[in-house]
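So you can see what is in the structure, the chains are spelled out below.
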Amino acid sequence: MAVTGPPRYAEMRINLAQAVQAIGTVIAPILGSYVFFKETQDSVAALKNVQWVYLAIAIFVFSLSVVFYFAVIPEVTDADMAQQAEVTHAGDRESDRSFWTQYRVFHAAFAQFCYTGSQVAIAGYFINYVTETRGQTSSALGAKFLAVAQGCFAIGRFTGSLLMRFVKPRYILLLYFSGVIAFCSASITQRGNVGLAMLNLTLFFESVIFPTIVVLGIRGIGRHTKRGAGLIIGGVVGGACVPPILARVADARNSTAFAMIIPVIFFILSFTYALCVNFVPAYRDAVDKIGDSNRGDSDKEGSVQVGKDSLDNDRGSTFKKKETV
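Considering the overall build of the protein
Line of reasoning, step 1. Counting its regular elements, the protein contains 14 helices and two strands.
Line of reasoning, step 2. Out of the 325 residues in the protein, the part that is buried amounts to 46%.
Line of reasoning, step 3. Counting contacts in the protein only where the partners sit at least 6 residues apart, residues at least 24 apart contribute 75% of the total.

Next up, the structure:
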């Protein structure tokens, strides 16, 4: 998604794609409020409700895997990315260096680790926060509030994508990250509807951060693009590391609100990447060169030719088409 098209619109494309995905995060809590929290007692009927949900998810995911198995998806090679880097970053020779010297990629991966960990921690303990800080709020009602917050998240991605059409994505990243830190910090001390509003605004500003870090992190690294993207995406492992820390703090202080200080700390660590990509020339110049380029807007100039090969040799056919990226 990031590389199949004009480089200058890469952030906008990936954020729009993620915005569609965010719609699912709105629907899921609503379904959960009726399935998981409707009958919370330890009974056979309650367990049956849950098992049918997981069975439906498994069937849907299996069906989706069948679609991808038969779909012919163009393969972007390292040579393709090296060619694009030559066109957009002529003279930089960044891709000639070893992958292990690509410090911008490793910083982006660290930022993704910290950000994703905080995002998952907030989403995972959102209902706990609401039920503790807002009077007469059940888990079922908390799930509905979570759906509203995820709606803010989806709206943030759509609006952020639109803004990227007119404003440099690195500016949007800086602005949204600042909003995340400010409103998540406020949720620590606020209670009731005000605290709930702070978390809603936190999710709104979280929206564009993950996909934008990915695209900015792989800018101009040429043949290392696929490996770099994999490393940055691998930062999602933070989602398994930060929530347990929040849980320990919440248990120790008997307050989920106070424990929101943990996501704030990790957000600040991740924020260092947004600062660097805006104010450190080595980061900023690499991003702006390709971001301001008109390369790839037409088939005649700056396009990257990608060989589309079938990934399934057992089907007895190989597709070799040239497509413009």
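What about the packing of aromatic side chains?
Line of reasoning, step 1. With the rule as written, the count across this model stands at eleven aromatic pairs.
Line of reasoning, step 2. Here the aromatic rings of Tyr176 and Phe204 are separated by 6.0 Å at their centres, their planes lie at 25 degrees, and the arrangement is stacked. With Tyr176 in helix H7 (residues 169–189) and Phe204 in helix H8 (residues 192–206), this residue pair connects regions lying 28 residues apart in the sequence.
Line of reasoning, step 3. Note on Phe204 and Phe205: the rings are 5.1 Å apart at their centroids and 90 degrees apart in plane angle, and the pair reads as edge-to-face.
Line of reasoning, step 4. Positioned above the aromatic ring of Phe258 is the side chain of Arg253, whose terminal nitrogen or guanidinium carbon lies 4.0 Å from the ring centre.

Here's the deal with the confidence of the model for the protein
Line of reasoning, step 1. Per-residue confidence for the protein gives a mean pLDDT of 78; residues scoring 70 or more make up 67%.
Line of reasoning, step 2. At the low end of the mean pLDDT range in the protein sits strand E2 (residues 321–324), at 39; at the high end sits helix H13 (residues 261–279), at 95.
Line of reasoning, step 3. Low confidence marks residues 298–325, where pLDDT is under 50. Its contacts with residues over four positions away, or in another chain, come to 57 contacts.

Describing the side chain of Gln112
Line of reasoning, step 1. Its place among the elements puts Gln112 in helix H4 (residues 103–124).
Line of reasoning, step 2. Those residues in contact with Gln112 that sit more than four places away from it in its chain are Phe210, Ile213, Val214, Ile232 and Gly235.

Things to note about the environment of Gly235
Line of reasoning, step 1. In this structure, Gly235 sits in the loop between helix H10 (225–233) and helix H11 (238–253).
Line of reasoning, step 2. We classify Gly235 as buried; its relative accessible area is 4%.
Line of reasoning, step 3. Residues within four places of Gly235 in sequence aside, it is in contact with Ala109, Gln112, Phe113 and Thr116.

A word on H11
Line of reasoning, step 1. Compared with an ideal rise of 1.5 Å per residue, which puts 16 residues at 22 Å, H11 spans 23 Å between its outermost C-alpha atoms and is within 8% of the ideal.
Line of reasoning, step 2. Considered for burial, the residues of H11 that qualify are Gly238, Gly239, Val242, Pro243, Leu246, Ala247, Val249 and Ala250. For H11, the angular spread of buried residues about the axis comes to 165 degrees, placing them on one side. What points out from H11, more than 90 degrees from its buried face, is the exposed set Ala240, Arg248, Asp251 and Ala252.
Line of reasoning, step 3. At its buried positions, H11 is contacted by H4, helix H12 (256–259) and H13.
Line of reasoning, step 4. Residue Asn254 follows H11 closely and has a positive phi angle near 50 degrees.

Focus: unusual backbone geometry
Line of reasoning, step 1. Notably, Gln136 is not glycine yet its phi reads approximately 55 degrees, a positive angle.
Line of reasoning, step 2. Structurally, Gln136 can be placed in the loop between helix H5 (126–133) and helix H6 (139–163).
Line of reasoning, step 3. Take Gln136: its relative accessible area is 83%, and that puts it in the exposed class.
Line of reasoning, step 4. One non-glycine residue, Asn254, lies in the positive phi region at around 50 degrees.
Line of reasoning, step 5. Along the chain, Asn254 turns up in the loop between H11 and H12.

Topic: H13
Line of reasoning, step 1. Relative to the 27 Å expected for 19 residues at 1.5 Å per residue, H13 spans 27 Å between its end C-alpha atoms, a close match to the ideal helical length.
Line of reasoning, step 2. The sharpest bend along H13 comes to roughly 25 degrees, located at Ser270.
Line of reasoning, step 3. Ile262, Pro263, Val264, Phe266, Phe267, Ser270, Phe271, Tyr273, Ala274, Cys276, Val277 and Asn278 are the residues of H13 that are buried.

A look at the pattern of salt bridges
Line of reasoning, step 1. Counted by the stated rule, this structure contains three salt bridges.
Line of reasoning, step 2. In this structure, Lys168 and Asp288 form a salt bridge, with 3.6 Å as the shortest nitrogen-oxygen distance. Of this pair, Lys168 sits in the loop between H6 and H7 while Asp288 is found in helix H14 (residues 281–291), placing the two residues 120 residues apart along the sequence.
Line of reasoning, step 3. Exposure remark for Asp288: the relative accessible area of 14% places this residue in the buried category.
Line of reasoning, step 4. Ionic contacts of the salt-bridge type, sharing partners, join the residues Lys168, Arg170 and Asp288 into one network.

A closer look at the side chain of Thr202
Line of reasoning, step 1. Here Thr202 shows up in helix H8.
Line of reasoning, step 2. Note on Thr202: relative accessible area 0%, which makes it buried.
Line of reasoning, step 3. Ignoring sequence-local partners within four residues, the contact set of Thr202 consists of Ile122, Val180, Phe183 and Cys184.

Concerning a nonpolar patch on the surface
Line of reasoning, step 1. Where nonpolar side chains cluster on the molecular surface, the patch consists of Tyr54, Ile57, Phe60, Val61, Leu64, Val67, Phe68 and Ile73 and spans about 820 Å² of accessible area.
Line of reasoning, step 2. Take Ile73: it is sitting in the loop between helix H2 (44–70) and helix H3 (78–88).

What counts, and at which threshold
Residues numbered from 1 in each chain as written. Predicted model: local features only at pLDDT ≥ 70, side-chain atom pairs only at ≥ 80, totals over all residues. Heavy atoms only, no water. Helix = DSSP H or I, 4+ residues; strand = E, 2+ residues; numbered from the N terminus. Buried < 20%, exposed > 50% of the residue type's maximum accessible area, 1.4 Å probe, protein only. Contact = heavy atoms within 4.5 Å. Phe/Tyr/Trp six-rings, centres within 6.5 Å; stacked < 30°, edge-to-face > 60°. Lys NZ or Arg CZ within 6 Å of the ring centre and 35° of its normal. pLDDT = per-residue confidence, 0-100. Expected span 1.5 Å × (residues − 1). Arc of directions from axis to C-beta. Bend = angle between axes of the 7 residues up to and from the residue. Salt bridge = Lys/Arg side-chain N within 4 Å of Asp/Glu carboxyl O. Patch = residues over 30% accessible without salt bridge, like charges linked within 9 Å, V, L, I, M, F, W, Y side chains within 5 Å. Areas by Shrake-Rupley, 256 points an atom, 1.4 Å probe, with all protein chains shown as cover.

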